[in-house]
Amino acid sequence: MPQILELNAVSRAYGSRLALDDVSLALEPGELAFLVGPSGAGKSTLLKLINREIRPTSGEVWVDGMAAHTMKASRVSELRRRVGVVFQDFKLLPRLTAKENVAFGLQVGDLRVSDDEAAERALDALDAVGLGDRGDSFPHQLSGGQQQRVALARAVVAQPSLLIADEPTGNLDVETSWEMMDLFADIAASGTAVLIATHNVEIVRRLQRRVITLVQGRLVRDQPAGLTGRMAWLASS
Ligand SMILES: Nc1ncnc2c1ncn2[C@@H]1O[C@H](COP(=O)(O)OP(=O)(O)OP(=O)(O)O)[C@@H](O)[C@H]1O
Ligand SMILES: [Mg+2]
C-alpha cells in the first residue's frame, strides 16, 4: 500500500538545538497513530514539518507523494489541501459563524469552490461532527468541545488524505475528549490517516492504537496497535 506519510531520517535543528534527530516513520491510509513524549520531545516540530510550516535540516518528508522537504512556497497550498490540521486552541475565526469558518477552510485552499458549494459542504461537515444545527452560531456562543468539533469539520471538509492534530484535547474535559476521539476514529475509518500528538495517557492507553514515542527528538519506540491495555501501559511507563 502506498504510504500517506513518510519521514526518512528527518532531523530539524533550531540554531544549535536539535529538536528532531534522525526520525523515520510511515503512516498508511486509514491508520490512526498517537505521537507521545515529554514536553520538548519534538512532537509539534514533527507536525509542523508535515504541513511545511517548517522544513527539515536534513532528511525527507513525503506527504501523499509530495516532497514537503524541498517544496517551494508557491506549492504549499496544494500540500495543505491534503493535510487537515487541528490545534489545541481551536483557532476559529471569531467574526465568522461555524458554517463560515468551515466554508472558509475549504475556499482558502481551493479558490474554484463556489460560495454555494462551500456552504453546502460546510453544513455536511458540521453534520458529521454532530453540529448540523449550530451552523449559524459564532465561536463564542459554542462550548470548547463544540468549537473543537467545528475546527475538526474545517480540517476535514476538503477530504484530506492526512489529518494532524496537536494536543487536540488539551483544553477539553474528559467526556468531551472521548467524544473527540470517537470522531478521529470515524475519520480514520473513512480512509484518512490520522496523527495525534497528545499528553493524554488515559486515552492513549485505552484506545490501543499505534503509539509513536519521541524523547529528546529521537523516536525511541513505535508500538503497533492492539497491545492490551495493561501491556500498553507497561510499555509506555
Ligand atoms: N521556534 C523555535 N525556536 C527555537 N527552539 C524551538 C522552537 N520551537 C521548538 N523549539 C525547541 O525544540 C524542541 C522541541 O519542541 P516541540 O515544541 O516540538 O516539543 P513538543 O514535544 O511539542 O513539546 P510539548 O509537549 O511541550 O508541546 C524544544 O527543545 C523546543 O524548545
Ligand atoms: Mg507541542
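Given the structure is predicted, the values throughout are model-derived calculations rather than measurements.

(A) Main features of helix 4 (residues 115–128). Over its 14 residues, helix 4 extends 20 Å from the first C-alpha to the last, a length consistent with the 20 Å expected when each residue adds 1.5 Å. For helix 4, every residue scored as buried is listed here: Ala118, Arg121, Ala122, Ala125 and Leu126. The arc enclosing the buried residues of helix 4, seen along the axis, measures out at 145°, which places them on a common side. Two residues or fewer past helix 4, glycine 130 is found with a positive phi of approximately 80°.

(B) Fine view of the nonpolar core. Of all hydrophobic cores here, the largest spans 65 residues; its most connected members are Leu35, Ile50, Val102, Ala153 and Ile164. Of all the elements, helix 5 (residues 144–156) adds the most residues to this core, at six residues. The contact partners of isoleucine 164, leaving out residues within four places of it in the chain, are Leu47, Ile50, Asn51, Val83, Val85 and Leu195.

(C) Broad picture of helix 6 (residues 174–189). Spanning 16 residues, helix 6 covers 23 Å between terminal C-alpha atoms, matching the ideal 22 Å at 1.5 Å per step. Taken as a whole, helix 6 has its buried residues at Met180, Met181, Phe184 and Ile187. Projection of helix 6 onto a plane perpendicular to its axis shows the buried side chains occupying an angular sector of 115°, all on one side. Summarising the geometry of helix 6, the exposed residues directed more than 90 degrees from the buried face are Glu175, Asp182 and Ala189. On its buried face, helix 6 sits against strand 3 (32–36), helix 5, strand 7 (162–166), strand 8 (193–197) and helix 7 (201–207).

Definitions and limits used
- Residues numbered from 1 in each chain as written.
- Chains lettered and ligands numbered in written order.
- Predicted model: local features only at pLDDT ≥ 70, side-chain atom pairs only at ≥ 80, totals over all residues.
- Helix = DSSP H or I, 4+ residues; strand = E, 2+ residues; numbered from the N terminus.
- Expected span 1.5 Å × (residues − 1).
- Buried ≥ 20, exposed ≤ 12 C-beta atoms within 10 Å, placed from the backbone.
- Arc of directions from axis to C-beta.
- Core = buried A, V, L, I, M, F, W, Y, C linked by C-beta atoms within 7 Å.
- Contact = placed C-beta atoms within 7 Å.

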